[in-house]
Amino acid sequence: MDIFLQPLVRKLPDLLEQAGMAFLPTLPLLGMVFLAAKLRSRWGLAVMVMIPVAALFANPDWRIFSHHGLMHFSIVYELYQQGTLPENSLFAGESLRYPYGYHVVVAFLVKLLNAAPSWLFIFGNLLALALLVFLLDSSSQMISQDWKFRSAAVMFCLAGPSIFTFGPLLRMLDLMGIPAEYRLIPLHKFTTVSSNPLGLAFFALTLLGAMKAVRDGTQKATLLCMATGLIGVRFFYPVYWPVAALAVLTAPLFSVTEQKLRSAIGACVLVALTGLLTLLMIQWFRWGGGFQGLLAGPRHLLRNSAVILPNILLMGLLLVWRRSRLRESGDTRRLLLFLLCFSGSALLLYLVAHLPTHAEYKYLSAGLFTSGIVGGWIWRQLLEKKKLLALLVLFLTLLPFGAYLADRHSRWKAVGGLKTEGKFIVRTSKEEQDLYRWILERTPSDAVFIDDEMDIPPLSHRVLFIGLDGRYHTRLHNGWGMPVDSILKALNGVDPQAVEKRRRLALTILQGEVPTASPDWSELEHLRASRPIYVVSRNGKSSQKLAASGLLRQVHSSKGVEVFQIAEEPHFARQ
């Protein structure tokens, strides 16, 4: 026991500070549920949910950097420059395999509105959030018309019906050595630059269609709703597609008896058709790289099981407490059982799937997401019996999102300064920005760069021979959110040997040396045959070596940064 308690005692002051910071943002969230119930307005509920999310973007660093902001802006600007079938901006010559359906839309809007992608992602997030609130309320309305239930159900879905998703309680698990997952809050996805928001909205549309199928059987409108949701999920954020398909396949099990067989056949045909359609999308957009899940091993099963248990604790206890009411719930029983069955299926998928960077947590998030409606139904009954306990449960459930808001406002810092100018993302430092403006204005759009920073793709709209972490090795956030190895190997499925080969060559050149063996040079030479290649040297000694080599010519100089162009084939490559 001491092994678990000693870390807690040492970190107790820090835990109390986190709890205090999380307390104040949570009180307004608590009040929002009852205010929404009083207003009896979907618009009112949507606006109140959007306010704390929009408030985060008042921080200019967060608005632009976010978690992976520069990664997403690089994709948008690559599409802006080259159109569809974009190149991997961190690995020149390789097609991008990260799903970029949403980025196509943003790139089109950048051209149309002459607006920076950071603002377009923000507005897209808020619109997707409003749509999600409407869809979740429509789903809840099939259970009950009561506004206190509907408001609580929406907030449980968005905040995640768990007390261990962020903040001091999650930190306690971490200190005791229990695996934790801090990315489970669905609302968190709307506060960052990513494709998640529309993916969640279309997933909610699929869920709404599945619930309608359970209540009314298979109808044309229901099939259209589910098909639109499935296609939208697969196009905008395909990681959610397996759980969306699970919702469609689970629905016939709970459909009205006389239509069960027809519902089952309709669901299977629907999933098959949308699967075929999305397969064609994969072929056209060349998706798939890092998103191929692997069957989890025993160690992975234990880790994910340990993550599940605390996250289903609160809702599990409430469900056991009111299990008798579930049996007596009449016409809504099928819908509640369907939601519970789907949540269980999503948790099982989380257990057996293994995606890069543990991205299977999104299946766990989807399971908690739908159990939020059931949690809201149980909570409404608790409110009738024991109001103080109901308020405590709601407060604890909203506490992780309150902790998240407090953390992002007070602790989050970014390295370097960025701002927007029209449709461009630029550095606030004039000396740095001069370099990126020169690259943007004076080099061909298909130019390839060797640099130990990753700013060129989002700021100059050019591609790198190989991405190097550069500013990632700092305690501050660099705007990419993960090491370049994870982006290239895990998310894009680039061959690890090819990554290491290019990295070795790029680092050698940046040290001011021209390789003395041809194998590492051959790939670079292949690219140089069809497009210009530049080297950005940020080290004075290396610049002198490169200039003296006679193999590169200097084309630009700015405040200690020299840009060279590879001008001729080295002698060893001709041998």
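In this text, all values refer to a predicted model and were calculated from it rather than measured experimentally.

### Description of the overall build of the chain
Right, so step 1: A tally of regular secondary structure across the chain gives 26 helices and nine strands.
Right, so step 2: Here the chain holds 575 residues, and the buried ones make up 58% of them.
Right, so step 3: Sequence-distant contacts, at least 24 apart, represent 73% of the contacts inside the chain between residues at least 6 apart.
Right, so step 4: Of the roughly 23800 Å² of accessible surface on the chain, a fraction of 61% belongs to carbon and sulfur atoms.

### Topic: the packing of helix α5 (residues 69-82) against helix α7 (residues 117-141)
Right, so step 1: Following both chains from N to C, one finds α5 and α7 inclined at 110°, their axes separated by 10 Å at the closest point. Taken together, α5 and α7 sit at an angle that is classed as roughly perpendicular. Across the interface between the two elements, His72, Phe73, Val76 and Tyr77 from α5 touch Pro117, Ser118 and Phe121 from α7.
Right, so step 2: A class-by-class count of the residues in the contact of α5 with α7 yields five nonpolar, two polar and no charged.

### Some remarks on the packing of aromatic side chains
Right, so step 1: Under the definition given, this model contains 15 aromatic pairs.
Right, so step 2: Relative to tyrosine 240, the ring of phenylalanine 203 has its centre 6.3 Å away and its plane inclined at 20°; by these criteria the two rings are stacked. Of the two residues, phenylalanine 203 sits in helix α10 (residues 196-216) while tyrosine 240 sits in the loop between α11 (220-236) and α12 (241-250), which places them 37 residues apart along the sequence.
Right, so step 3: Classification of phenylalanine 203 by relative accessible area gives buried; the value is 1%.
Right, so step 4: Ring pairing ties together the aromatic residues Phe73, Tyr102, Phe121, Phe202, Phe235 and Phe236, which thus form one cluster.
Right, so step 5: Over the ring of tyrosine 80 we find lysine 111, and its NZ or CZ is 5.4 Å from the ring centre.

### Description of a nonpolar patch on the surface
Right, so step 1: Taken together, the side chains of Phe23, Leu24 and Leu27 define a hydrophobic patch exposed on the protein surface, amounting to about 290 Å² of accessible area.
Right, so step 2: With respect to the helices and strands, the residue leucine 27 is situated in helix α2 (residues 12-39).
Right, so step 3: We classify leucine 27 as partly exposed; its relative accessible area is 38%.

### So, the pattern of salt bridges
Side-chain pairs of opposite charge can arise where the charged atoms are in close proximity.
Right, so step 1: According to the stated counting rule, one finds 18 salt bridges in the structure shown.
Right, so step 2: With a shortest N-O distance of 3.5 Å, arginine 437 and aspartate 434 are connected by a salt bridge. In this pair, arginine 437 and aspartate 434 both sit in helix α20 (residues 430-442), three residues apart, roughly one turn of the helix.
Right, so step 3: The partly exposed category is assigned to arginine 437, whose relative accessible area is 33%.
Right, so step 4: The exposure class of aspartate 434 is partly exposed, given its relative accessible area of 26%.
Right, so step 5: Glutamate 500 serves as the salt-bridge partner of arginine 503, at 2.7 Å between the closest nitrogen and oxygen. Separated by three residues within a single helix, arginine 503 and glutamate 500 lie in helix α23 (residues 496-510), roughly one turn from each other.
Right, so step 6: For arginine 503, a relative accessible area of 15% corresponds to the buried category.
Right, so step 7: Connected through shared salt-bridge partners, Asp485, Lys489, Glu500 and Arg503 make up one network.

### Side note on the side chain of threonine 250
Right, so step 1: Considering the arrangement of structural elements, one finds threonine 250 in helix α12.
Right, so step 2: At a separation of 2.6 Å, a polar atom in the side chain of threonine 250 contacts the main-chain carbonyl oxygen of leucine 246.
Right, so step 3: Threonine 250 has contacts with Phe338, Cys341, Phe342 and Ser345, leaving out every residue within four places of it along the chain.

### Section: the sheet that holds strand β9 (residues 561-566)
Right, so step 1: The sheet built from five strands is open, its strands ordered β6-β5-β7-β9-β8 with mixed pairing. Taken across any chain shown, the strands that pair with only one partner, and hence form the sheet edges, are β6 (463-464) and β8 (552-558).
Right, so step 2: In the sheet, strand β5 (residues 448-450) pairs with strand β7 (residues 533-537) via three bridges, with the strands oriented parallel. Across the sheet, the residue bridging to isoleucine 450 is valine 535, located in β7.

### Some words on the confidence of the model for the chain
Right, so step 1: Looking at the chain as a whole, its pLDDT mean stands at 81, while 83% of the residues score no less than 70.
Right, so step 2: Looking at the elements of the chain, mean pLDDT is at its lowest for helix α26 (residues 571-574), recorded as 45, and at its highest for β6, recorded as 94.
Right, so step 3: Note that pLDDT drops below 50 for residues 571-575; the model gives that stretch nine contacts with residues more than four away or on any other chain.

Definitions and cut-offs
- Residues numbered from 1 in each chain as written.
- Predicted model: local features only at pLDDT ≥ 70, side-chain atom pairs only at ≥ 80, totals over all residues.
- Heavy atoms only, no water.
- Helix = DSSP H or I, 4+ residues; strand = E, 2+ residues; numbered from the N terminus.
- Buried < 20%, exposed > 50% of the residue type's maximum accessible area, 1.4 Å probe, protein only.
- Contact = heavy atoms within 4.5 Å.
- Areas by Shrake-Rupley, 256 points an atom, 1.4 Å probe, with all protein chains shown as cover.
- Axes fitted to C-alpha atoms, helices over the stretch in contact; angles between N-to-C directions.
- Parallel < 35°, antiparallel > 145°, perpendicular 65-115°, else oblique.
- Nonpolar A, V, L, I, M, F, W, Y, C, P; charged D, E, K, R; others polar.
- Phe/Tyr/Trp six-rings, centres within 6.5 Å; stacked < 30°, edge-to-face > 60°.
- Lys NZ or Arg CZ within 6 Å of the ring centre and 35° of its normal.
- Patch = residues over 30% accessible without salt bridge, like charges linked within 9 Å, V, L, I, M, F, W, Y side chains within 5 Å.
- Salt bridge = Lys/Arg side-chain N within 4 Å of Asp/Glu carboxyl O.
- Polar contact = N/O pair within 3.5 Å; in protein donor to acceptor, adjacent residues only side chain to side chain.
- Pairing = 2+ DSSP bridges.
- pLDDT = per-residue confidence, 0-100.

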